[in-house]
Amino acid sequence: MTRFDETNIGNILRQARENSNLTQEYVGEKLGIGREAVLRIEKGARNISPAELSKFVDLYNLDISDMLVGATDSNMKGIILAGGSGTRLYPITMGVSKQLLPVYDKPMIYYPLSVLMQAKIKDILIITTPDDQQYFKRLLNDGSQFGINLNYAVQPEPKGLAQAFTIGEDFIGKDPCAMILGDNIFYGNGLERELRQASTNAANGAATIFGYQVKDPQRFGIMELDDQKNVISVEEKPEVPKSDYAITGLYFYPQGVSQKAHLVKPSKRGEVEITTLNDMYLQEKNLKARLLGEGYVWYDTGTFESLNNAANYVRSVEENRDSLVCSPEKIAYENGWIDRDKLEEAASLQEKNTYGKHLRKVLR
């Protein structure tokens, strides 16, 4: 059943205002409700009447369907797979985990973490190598500074992406689960809407994969689509790709994914392939795709070139917009998971750099 997404409507309106380069003062004056009312609506602290919503829609030129979702499951779990040896980045990863490297102004792990937080996922498991786990814990602790709950598990050796769901079986329990690779960066206006739809699919028993057009599809897992953008096949690094839509490192699954992962047999290279897991859902007609088109960026930062390109992109966006890209503190504050005092504490801790200054701007 479709309904208004009351939890996220404030975020939708805030994003629409920022994309239109409008101030809260201007909107409040234009709609005759005042800046304070706009602020409270965006934070979810004030109800919005149908008449007011109509005015917002007209002012921002919004599609009302952006505010509609199906019934979602609030118990969605999240996994960040941050294992592996990072050999493609030797020598810089000989002494530090790839996911702890900087991508411009923040550690790489912040980017996938921010995606799960944008999906409103608060219970997150971080899977690391045995040697690196202590460093992730030192950086992220238990997640309370972001208003979330972080757990940790070890992947003794990389045996395939689907292994994350058997390692995290007890953590996932009977809940649906999203998994993102620790070296993947996603950004774009409307990403939250895509994540909400994927959550809705998981709650309704379907898995979701995210597609992104690439120039070298033979390097990736590939999804083949029909004329209606339905998935008709998935294939791992094919020599002759059937499409140029790569399957990115972000996946949403319904409850029972761990049991399915146990059924995946190792491939010729000895790994429990996530493409095989996705194909199991496809054969059951329970695999959906969300395509990230123009306006979105996706980086798999496993090479020197992509790592540098991602850092340059983040720097360009932050400098041009004078804002933060994929900041867990900012997202936590906008989600209502931390209060002003917590954000003030984070800003003070980082007040000697632009990251802390941007957090101050969020407070203002």
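Residues numbered from 1 in each chain as written. Predicted model: local features only at pLDDT ≥ 70, side-chain atom pairs only at ≥ 80, totals over all residues. Heavy atoms only, no water.

**Student:** Explain the side chain of Lys330 to me, and be specific about the residues and the numbers.
**Tutor:** Within the secondary structure, Lys330 sits in helix α13 (residues 328-335). Excluding residues within four positions of it along the chain, Lys330 makes contact with Arg14, Leu324, Leu359 and Val362. (Helix = DSSP H or I, 4+ residues; strand = E, 2+ residues; numbered from the N terminus. Contact = heavy atoms within 4.5 Å.)

**Student:** Which residues make up the pattern of salt bridges, and what values go with them?
**Tutor:** In this structure the tally under the stated criterion is 20 salt bridges. In this structure, Glu194 engages Arg290 in a salt bridge whose closest nitrogen and oxygen atoms are separated by 2.7 Å. Note that Glu194 is positioned in helix α9 (residues 191-203) and Arg290 in strand β14 (residues 287-291), a separation of 96 residues in sequence. We classify Arg290 as partly exposed; its relative accessible area is 25%. (Salt bridge = Lys/Arg side-chain N within 4 Å of Asp/Glu carboxyl O. Buried < 20%, exposed > 50% of the residue type's maximum accessible area, 1.4 Å probe, protein only.)

**Student:** Account for the packing of aromatic side chains, naming residues and giving values.
**Tutor:** Taken as a whole and judged by the stated rule, the model has ten aromatic pairs. Geometrically, the ring pair formed by Phe56 and Tyr60 is tilted, given 5.8 Å between the ring centres and 50° between the ring planes. You can see Phe56 and its partner Tyr60 sitting in helix α4 (residues 50-60), four residues apart, about one turn around the helix. Since its relative accessible area comes to 2%, Phe56 is described here as buried. According to the relative accessible area criterion, Tyr60 is buried, its value standing at 7%. Centroid distance Tyr187 to Tyr313: 6.4 Å. Interplanar angle 65°. Geometry classified as edge-to-face. Of the two residues, Tyr187 sits in strand β9 (residues 184-188) while Tyr313 sits in helix α12 (residues 304-321), which places them 126 residues apart along the sequence. (Phe/Tyr/Trp six-rings, centres within 6.5 Å; stacked < 30°, edge-to-face > 60°.)

**Student:** Would you mind going over α12 in detail, with residue names and values included?
**Tutor:** Spanning 18 residues, α12 covers 26 Å between terminal C-alpha atoms, matching the ideal 26 Å at 1.5 Å per step. Residues Ser306, Leu307, Ala310, Ala311, Val314, Val317 and Glu318 constitute the buried set of α12. The buried side chains of α12 occupy one side of the element, clustering within an arc of 135° when seen end-on. With respect to the buried face of α12, the exposed residues turned more than 90 degrees away are Glu305 and Asn320. On the buried face of α12, the contacting elements are β4 (102-103), β5 (106-107), α5 (110-118), β9, β15 (296-300) and α15 (354-363). (Expected span 1.5 Å × (residues − 1). Arc of directions from axis to C-beta.)

**Student:** Can you break down α15 residue by residue, with the values?
**Tutor:** An α-helical turn contains 3.6 residues, so a residue and the one three or four places further along point in the same direction. Taken as a whole, α15 has its buried residues at Tyr355, Gly356, His358, Leu359 and Leu363. Viewed along the axis of α15, the buried residues span an arc of 160°, placing them on a single side of the element.

**Student:** Talk me through the confidence of the model for the protein; I want residue IDs and the actual numbers.
**Tutor:** Here the protein averages 88 in pLDDT, and 94% of its residues register 70 or above. Note that residues 1-7 has pLDDT below 50 and, in this model, 18 contacts with residues that lie over four places away or in other chains. Scored below 50 in pLDDT, residues 69-73 shows 20 contacts in the model against residues more than four places distant or in partner chains. (pLDDT = per-residue confidence, 0-100.)

**Student:** An account of the nonpolar core is requested, with residue identities and associated values reported.
**Tutor:** With 50 residues, the main nonpolar core has Leu113, Ile124, Ile126, Leu140 and Phe252 as its most contacted residues. Among the elements that take part in this core, α5 stands out by supplying five residues, more than any other. Residues contacting Leu113, with those up to four places away along its chain left out, are Ile80, Ile124, Leu140, Phe146, Ile148, Leu150 and Pro328. Among the nonpolar cores identified, the runner-up in size contains 33 residues, and Ala162, Ile209, Tyr251 and Tyr281 belong to it. (Core = buried A, V, L, I, M, F, W, Y, C linked by side-chain atoms within 4.5 Å.)

**Student:** Would you mind going over the side chain of Glu42 in detail, with residue names and values included?
**Tutor:** Within the fold, Glu42 resides in helix α3 (residues 35-42). Beyond its immediate stretch of four places on either side in the chain, Glu42 contacts Gly10, Asn11, Leu13, Arg14, Arg17 and Gln24.

**Student:** Kindly report on the pairing of strand β11 (residues 221-225), identifying the contributing residues and their values.
**Tutor:** The side chains of a regular strand alternate between the sheet's two faces. The buried count for β11 comes to four of five residues, which makes it a mostly enclosed element. Inspection of the sheet shows β11 paired to strand β12 (residues 231-236) by five bridges, in the antiparallel sense. Of the residues in β12, the one forming a bridge with Glu224 is Ser233. As consecutive antiparallel partners, β11 and β12 are separated by five residues, and within that stretch Lys229 has a phi angle of approximately 65°, a positive value. (Pairing = 2+ DSSP bridges.)

**Student:** Could you give an account of the packing of α5 against α13, naming the residues involved and the relevant values?
**Tutor:** For the pair α5 and α13, the least separation of the axes is 9 Å and the interaxial angle reads 10°. Between α5 and α13, the angle is such that the two are roughly parallel. Residues Tyr110, Leu113, Ser114, Met117 and Gln118 of α5 touch α13, and the partners they reach there are Pro328, Glu329, Ile331, Ala332 and Asn335. Class assignment of the residues belonging to the contact of α5 with α13 gives a composition of six nonpolar, three polar and one charged. (Axes fitted to C-alpha atoms, helices over the stretch in contact; angles between N-to-C directions. Parallel < 35°, antiparallel > 145°, perpendicular 65-115°, else oblique. Nonpolar A, V, L, I, M, F, W, Y, C, P; charged D, E, K, R; others polar.)

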